[in-house]
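Observations on the model geometry
What follows is each chain in one-letter form.
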Amino acid sequence: MDQNKYLMGVDIGTTSTKAVLFDRKGTVISQHTVGYPLLSPTPSTAEQEPEEILRAVFACINRTMAESLISPNHLQLVSFSSAMHSVIAVDEKGKALTKSITWADNRGADYAEKIKNELNGHEVYLRTGTPIHPMSPLTKLLWMKNELKEAYDLAHKFIGIKEYVFHKLFGEFLIDHSIASATGMMNLEKLEWDEEALNIAGITSDKLSTLVPTTHVVKGLSPEMAEKLGIHKDTPFVIGASDGVLSNLGVNAIDPGVVAVTIGTSGAIRTVSDKPITDQKGRTFCYALTENHWVIGGPVNNGGMTFRWVRDQFGAAESETAKRLGLDPYEVLTEIAEKVSPGADGLLFHPYMAGERAPLWNANARGSFFGLALYHKKEHMIRAVLEGVIFNLYSVLLALQELIGIPKGVQATGGFARSALWRQMMADIFNQDVTIPESFESSCLGAVILGLYALDEIEDFSIVSDMVGSTHQHTPNSENVETYQELMSIFLSVSRSLEEDYHNIAEYQRKRLEH
């Protein structure tokens, strides 16, 4: 392989787009990030401006190239990662008729229930791999058909944010199998749009983009576009896959039985199979990486956002102290939590502050402290919140274990990995060795490795083991494991028994907020 060639991964995320330029050894040469807001005029709304994201993509590619000082002739490929589940109604020219409705939008909650209970939703899930939930584009389209009728009727196509970007670049409506497998409308076995799902959404396949493999390559930028991006017009663009499955590749969790866990704002737990696997109980997703690599797992809404809530609501004094000392307020709060023994002296926290996806798939779920007693202090509550996030992820792992067996190891990434306390909690609650990969740019690294595979530069994904080192390793503390396993059964029992109450309190909250 030519060592003078460079590889760019572009990750279109929920809160920002990032471009990262790597050399052939996986070393980061340059990178650039542009953020953008999530628009939430109501508690259930979570939208973004497609043009704002498009500008962010262009700026990231341009600035990453400019800051690298490499010649455009030495850029071998650009490969894409993207957040899943977005929907944009567009006209024939690709102009957006709606904002980009993101995975976090809950306005379709009632329609998700309708699909589950009245429209054969479980059988659709078993074929398509996306749990029936407001995040799913299938649910969003049914909602749009009834609640956003003008845009729905005018739409030439319904596309996601990566499709929007590719159409602006090349004038084609293309969707890779990975993003398509997260729509709830692609048959995983046939790699075709699922007729029953399309009927539920009220559309025909011509209203969706053309299905292509994740290794699909597009060339031929216009000279004007190439100049805007700062790259050569014949640079190959690999359509790539979704951020979740590429993160597995980018942290070297690609072999069967190795589990990847990510905790950022939200979180996810995933492993790879050589064939599609769905869950008879409907708890896990199944998304494509390639035709021979399928990522199964579950996403959680409530990751680092719950720690941010602690910082904002409980940690004003600590944040001020941290500011004076030049420290990260999260580090100060973590030190406070460390003063409390594992299990927070019997205080449990269910972190369902934003409803929950896996394993409950319940948009009405709400957060709660359980076991609160007079002897509990603020430090107990902080520790219980951190433990609650890991307990919830472990409940997803328990569902996964029914499908794949006990994991061979855990590769963990995300902002949480900066905390030694949180990392050790994961090892103890999961009762697994936990490794923290060296690269935090897992989705972009996964994208460029997939790009090399698409260009036939590599025969398989084994190269990733040479590109990903490790920074931390944690082994379970047997005493802590025993404590957490005793509490885990209570954690699960409480959340299962509150399903009706979650619905009732969510209804009450919605009425109060609307008035």
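For the structure, check the block above.
Each chain carries its own residue numbering, running from 1 in the written order of its sequence. Per-residue local features are limited, in this predicted model, to residues with pLDDT of at least 70; the limit for side-chain atom pairs, both in listing and counting, is 80 or more; totals at the level of whole chains, interfaces and linings are taken over all residues. In computing side-chain properties, one takes all heavy atoms of the structure into account and sets aside hydrogens as well as water.

1. Comments concerning the overall build of the protein
For the record, the criterion: Counting from the N terminus, the helices are the DSSP runs of H or I reaching at least four residues and the strands are the DSSP runs of E reaching at least two. Between the two quantities, the radius of gyration covers C-alpha atoms and the globule rule is 2.2 Å times the number of residues to the power 0.38. The classification of residues rests on relative accessible area computed with a 1.4 Å probe and restricted to protein chains. Under 20% of the type maximum is buried, over 50% is exposed, and intermediate values are partly exposed. Any two residues whose heavy atoms approach within 4.5 Å are treated as being in contact. Accessible areas in this description were obtained via Shrake-Rupley with a 1.4 Å probe; residue shielding takes into account the shown protein chains only. Residues counted as positive are Lys and Arg, residues counted as negative are Asp and Glu, and His and the chain ends are not counted. Charge coordinates come from a single atom per side chain, which is NZ of Lys, CZ of Arg, CG of Asp or CD of Glu.
For the protein, the helix and strand inventory stands at 19 helices and 23 strands. Whereas a compact globule of 515 residues would reach a radius of gyration of roughly 24 Å, the protein reaches 22 Å, a difference of no more than 12%. By principal-axis analysis of the C-alpha atoms, the protein measures approximately 70 × 50 × 45 Å. Among the 515 residues that make up the protein, the fraction classed as buried is 58%. Looking at the protein alone, contacts between residues at least 24 apart form 72% of all its contacts between residues at least 6 apart. As presented, the protein carries roughly 20,900 Å² of accessible surface, and 48% of it is formed by carbon and sulfur atoms. Charged side chains in the protein number 45 positive and 64 negative. The centres of these two groups are separated by 4 Å.

2. Topic: empty space enclosed by the protein
So the rule is basically this: With a 1 Å grid spanning the protein atoms alone, the term cavity applies to any set of points in which a 1.4 Å probe fits but cannot get out, the term pocket to an open set with protein on both sides within 12 Å along at least five of seven lines, and the term lining residue to any residue with an atom within 4 Å of a point. Grid points are joined across faces, edges and corners, and a volume is the space filled by probe spheres set on the points.
Across all of its chains, the model carries 3 cavities of 30 Å³ or more by this definition. Within this model, the largest cavity holds a volume of roughly 130 Å³. If you trace the largest cavity, you find 17 residues lining it, with Ser-86, Pro-137, Gly-160, Glu-163 and Thr-183 closest to the centre. Breaking the lining of the largest cavity down by element, the ones donating at least two residues are helix H4 (137-147) and strand S8 (157-159). Volume-wise, the second largest cavity comes out at about 80 Å³. Lining the second largest cavity are 13 residues, with Gln-48, Ala-83, Ser-86, Thr-102 and Ile-161 sitting closest to its centre.

3. What to know about the sheet that holds strand S16 (residues 267-273)
Condition: For two strands to pair, DSSP has to find at least two bridges joining them. Each axis is a line fitted through C-alpha atoms, taken for helices only over the stretch in contact, and angles between the N-to-C directions span 0 to 180 degrees.
The 7 strands are arranged S17-S18-S16-S15-S21-S22-S23 in an open sheet whose pairing can be described as mixed. In this open sheet, the two edge strands, each paired with only one partner strand, are strand S17 (285-290) and strand S23 (470-474). The average undirected angle you get between the axes of adjacent strands in this sheet is 25°. In terms of strand pairing, strand S15 (residues 258-263) meets S16 through 5 bridges, oriented antiparallel. Opposite Val-259, over in S16, you have Thr-271 as the bridge partner.

4. What about the layout of surface pockets?
Applicable threshold: Lys, Arg, Asp and Glu make up the charged group, whereas Ala, Val, Leu, Ile, Met, Phe, Trp, Tyr, Cys and Pro make up the nonpolar group; the residues left over, Gly among them, are polar.
Each pocket or cavity is described by its volume, and for the second largest pocket that value is around 890 Å³. In terms of lining residues, the second largest pocket is bounded by 36 residues, among which Lys-116, Pro-359, Leu-360, Trp-361 and Asn-362 are the most central. Elements with a minimum of two residues in the lining of the second largest pocket: helix H2 (109-118), helix H3 (121-128), helix H14 (378-404), helix H18 (478-497) and helix H19 (499-514). Sorting elements by how many residues they give to the lining of the second largest pocket places H19 first, with 6 residues. Looking at the lining of the second largest pocket residue by residue, the classes come out as 15 nonpolar, 10 polar and 11 charged.

5. Quick notes on the packing of helix H11 (residues 304-314) against H14
Two numbers describe a pair of packed helices, the interaxial angle and the distance between the axes. Definition in use: Each angle is binned into one of four classes, with values under 35 degrees roughly parallel, values over 145 roughly antiparallel, values of 65 to 115 roughly perpendicular, and all other values oblique. Crossing handedness is read from the near helix: turned anticlockwise from the far helix by less than a right angle, it gives a left-handed crossing, and turned clockwise, a right-handed one.
Taken N-terminus to C-terminus, the directions of H11 and H14 make an angle of 165°; their axes are 9 Å apart at the nearest point. Judged on the interaxial angle alone, H14 and H11 are roughly antiparallel. By crossing handedness, the relation of H11 to H14 is classed as right-handed. Contact residues: Thr-306, Phe-307, Val-310 and Phe-314 in H11; Lys-378, Met-381, Ile-382, Val-385, Leu-386 and Val-389 in H14.

6. Some remarks on the pattern of salt bridges
Going by this rule: One side-chain nitrogen of Lys or Arg within 4 Å of one carboxyl oxygen of Asp or Glu is enough to make a salt bridge.
Under the definition given, this model contains 21 salt bridges. Put simply, Glu-49 and Lys-99 hold a salt bridge, and the shortest N to O gap is 3.5 Å. In this pair, Glu-49 sits in the loop between strand S4 (47-48) and helix H1 (50-68) while Lys-99 sits in the loop between strand S6 (88-90) and strand S7 (100-101), placing the two residues 50 residues apart along the sequence. In this structure Glu-49 comes out as partly exposed when scored by relative accessible area, which is 33%. Lys-233 is the partner of Asp-234 in a salt bridge, and the nearest nitrogen-oxygen pair spans 3.6 Å.

7. A word on the packing of aromatic side chains
Keep this limit in mind: Aromatic contacts are taken between Phe, Tyr and Trp rings whose centres are within 6.5 Å, Trp giving its six-membered ring; a plane angle under 30 degrees counts as stacked, one over 60 as edge-to-face, and the others as tilted.
This model, assessed by the stated rule, comprises 17 aromatic pairs. Residues Phe-80 and Phe-237 carry aromatic rings whose centres are separated by 6.1 Å and whose planes lie at 25° to one another, so their mutual orientation is stacked. Linking Phe-80 in strand S5 (residues 75-82) with Phe-237 in strand S14 (residues 237-242), this pair joins segments that are 157 residues apart in sequence. In this structure, Phe-80 and Phe-237 share a single accessibility class: buried. A network of ring pairs unites the aromatic residues Phe-80, Phe-166, Phe-170 and Phe-237 as a single cluster.

8. Examining the sheet that holds strand S13 (residues 217-218)
For sheets, the rule is that strands pair by backbone hydrogen bonds, running either parallel or antiparallel. Across the sheet, 6 strands lie side by side as S3-S2-S1-S5-S14-S13; this open sheet has mixed pairing. The outermost strands of the open sheet, each flanked by one partner alone, are strand S3 (28-35) and S13. Bridge count for strand S1 (residues 6-12) against S5 is 7 bridges, and the pairing is parallel. Pairing of Gly-9 across the sheet is with Ser-79, part of S5. Relative to the sheet, helix H10 (residues 243-250) contacts S1, S5 and S14, its axis offset from that of S14 by approximately 95°.

9. Thoughts on helix H13 (residues 329-337)
Those residues of H13 that fall on the buried side of the exposure criterion are Val-332, Leu-333, Thr-334, Ile-336 and Ala-337. Turning to H13, the residues buried within the fold contact H11, helix H12 (316-325), H14 and helix H15 (420-430).

10. A word on the pairing of S16
Moving residue by residue along a regular strand, the side chains alternate between the two faces of the sheet. With 7 of 7 residues buried, S16 lies mostly within the body of the structure. The side-chain alternation of S16 yields two buried faces, one formed by Gly-267, Ile-269, Thr-271 and Ser-273 and the other by Ala-268, Arg-270 and Val-272. Bridge count between S16 and strand S18 (residues 293-300): 7 bridges; the pairing is antiparallel. The residue of S18 that forms the bridge with Ser-273 is Trp-294.

11. Quick notes on the packing of H12 against H13
Close contact between H12 and H13 brings their axes to 8 Å; oriented N to C, the two are set at 120°. The orientation of H12 relative to H13 falls into the category oblique. When the axes of H12 and H13 are compared, the crossing they make is right-handed. Facing Glu-318, Ser-319 and Ala-322 of H12, the residues of H13 in contact are Pro-329, Val-332, Leu-333 and Ile-336.

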